[in-house]
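A structural walkthrough
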Amino acid sequence: MTAPTSSLFSHVPPYAGDPILSLMEAFQADPRPNKVSLSIGVYFDDEGRLPVLPSVRQAETALSQDIGARPYLPIEGIAEFRAAVQRLLFGAGHEAVASGRIATLQTLGGSGGLKVGADFLRRYFPGAGVWVSDPTWDNHRAIFEGAGLDVHSYPYYDPATGGLSFDRMLASLDALPPRSIVLLHASCHNPTGVDLSKTQWQALIPVLRERELIPFVDIAYQGFGDGLDEDACALRALADAGIQFFAANSFSKNFSMYGERCGGLSVVCSDRDAADTVLGQLKATVRRNYSTPPTHGARVITRVLNDPTLFALWRDETAAMRQRIRAMRERLLAVLDEKFQGRRDFGYLVRQRGMFSYTGLDESQVARLRDDHAVYLVRSGRMCLSGLTGANVDHVAQAMAAVLA
């Protein structure tokens, strides 16, 4: 057999790797017993373990008693799952749900919802640009650029205060061309933990309407900010205002079901006819990608969301996860305040919400945390608070104090 004389793929550059996953590989190889990973966006319990929620365990146990054939799902996914997504995001009694003007798909996690939405927008709004917050989750830019859309940024985080630069954000969005796509975080902003207040959302909505912008809301951490309903307030306010928009939601974190890849894409339309048309073209978009979604995880989540007893249990579980993260924020703040005696303001730690915090540490300080103290953060200084536990939070606080001194 004659071997090829040259590689067909010689022009293909090597993949540099995902920076967070590469950091996790370095963490795994670190032999130090006191090492702490605060990089990857995964919720861990106070023992540092990935939890199996009792509501999920009960639902899976019940489903295991009824094992049957596994046909392909419809392109749009399980009907009961999709209906439960709408109730969870918008509220069971919301007019947009009752009138049928929301098109909802079951997707491959929140990322799949973003991707399907991006492909749809590229096809039907080909001249539209996408604006994402500065900073945003790295994969937001990659997903929309991968769909062929031009991606830009708008001001968001204020490093001087550890909070939101809302006036600059509003002014930037108010200058965008009509039908520009604006990527927004409903709650628990990744990577900063800085969210818009209800008052700020009410100030933003008229700008979105008057400029004829297309909001695309990412809600990946529902329940981790203030509560399941509270964290969806932005979606409900947009729908109340008659805004037509996209929303991608994820069940990875709040169900601790990362590998099942369960999420949804909902498009709020003007009326039922428009929603039916949009749903049809979303299905065509899915068919061109992966054809149909998987079954198991969606069945588990559907059972939990549709069973009153399991839903109440799950609501309590999300509250417990939220409260644990809050407790870690408060402990970190207490130790740092004691160390610095008012010479620095660490109040941002408790003003920010959800799993993430922008700590203000620069790249050299992050490197010192890793090299000198075995504490792993991503280069931006973003910290995943759920990696803190009662056993390691003081060590992390002392390490932060050392590199900030």
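It should be noted that the structure appears before, not after, this text.
Reference entry: report on the structure contained in this document. (Residues numbered from 1 in each chain as written. Predicted model: local features only at pLDDT ≥ 70, side-chain atom pairs only at ≥ 80, totals over all residues. Heavy atoms only, no water.)

1. Concerning the packing of aromatic side chains
Taken as a whole and assessed by the stated rule, the structure comprises 15 aromatic pairs. Here Tyr-221 and Phe-356 contribute two aromatic rings whose centre-to-centre distance is 5.6 Å and whose plane-to-plane angle is 85°, an arrangement assigned as edge-to-face. In this pair, Tyr-221 is assigned in the loop between strand S8 (214-219) and helix H9 (233-240) and Phe-356 in strand S11 (residues 356-358), connecting sequence segments 135 residues apart. Take Tyr-221 and Phe-356: they sit in the same class, and that class is buried. Look at Phe-346 and Tyr-348: their rings are 6.4 Å apart centre to centre, the planes differ by 45°, and that puts the pair in the tilted class. Given a relative accessible area of 8%, Tyr-348 falls into the buried group. Seen from the ring of Phe-27, Lys-35 lies directly overhead, with NZ or CZ sitting 4.7 Å from the centre. (Phe/Tyr/Trp six-rings, centres within 6.5 Å; stacked < 30°, edge-to-face > 60°. Helix = DSSP H or I, 4+ residues; strand = E, 2+ residues; numbered from the N terminus. Buried < 20%, exposed > 50% of the residue type's maximum accessible area, 1.4 Å probe, protein only. Lys NZ or Arg CZ within 6 Å of the ring centre and 35° of its normal.)

2. Some points on the nonpolar core
Of all hydrophobic cores here, the largest spans 101 residues; its most connected members are Met-169, Phe-245 and Leu-332. The biggest single contributor to this core is helix H12 (residues 308-340), with 10 residues. Ignoring sequence-local partners within four residues, the contact set of Phe-245 consists of Phe-90, Pro-215, Val-217, Leu-235, Leu-238, Ala-239, Ser-266, Val-267 and Val-268. (Core = buried A, V, L, I, M, F, W, Y, C linked by side-chain atoms within 4.5 Å. Contact = heavy atoms within 4.5 Å.)

3. Some points on the sheet that holds strand S10 (residues 262-268)
Taken in spatial order, the 7 strands line up as S2-S10-S9-S8-S7-S3-S4 in an open sheet, and their pairing is mixed. What marks the edges here is a single partner per strand, and that holds for strand S2 (102-108) and strand S4 (151-155). For this sheet, the mean angle separating the axes of adjacent strands, direction not counted, is 25°. Lying on the sheet, helix H6 (residues 138-146) is in contact with strand S3 (130-134), S4, strand S7 (181-185) and S8; it crosses S4 at an angle near 145°. (Pairing = 2+ DSSP bridges. Axes fitted to C-alpha atoms, helices over the stretch in contact; angles between N-to-C directions.)

4. Observations concerning the pattern of salt bridges
Where side chains of opposite charge bring their charged atoms close, a pairing between them can arise. Applying the stated criterion to the full structure yields 15 salt bridges. Across the pair Glu-95 and Arg-101 runs a salt bridge whose closest N-O atoms are separated by 2.9 Å. When its relative accessible area of 42% is taken as the criterion, Glu-95 is described as partly exposed. With a shortest N-O distance of 2.8 Å, Arg-331 and Asp-394 are connected by a salt bridge. Here Arg-331, found in helix H12, pairs with Asp-394, found in helix H15 (residues 393-404); they are 63 residues apart in sequence, far enough to count as distant. Through salt bridges with shared partners, one network takes in Asp-195, Asp-226 and Arg-353. (Salt bridge = Lys/Arg side-chain N within 4 Å of Asp/Glu carboxyl O.)

5. Some details on the pairing of S4
Judged from the 5 bridges that link them, S3 and S4 form a sheet pairing that is parallel. Bridge pairing in S4 places Val-132 opposite Ser-153.

6. Regarding the environment of Arg-315
On the secondary structure map, Arg-315 appears in helix H12. With 207 residues separating them in the primary sequence, Arg-315 and Leu-108 have C-alpha atoms 23 Å apart. Leaving out residues up to four positions away in the same chain, Arg-315 has contacts with Leu-228 and Asp-229.

Note that all results are geometric; they support no functional claim without further evidence.
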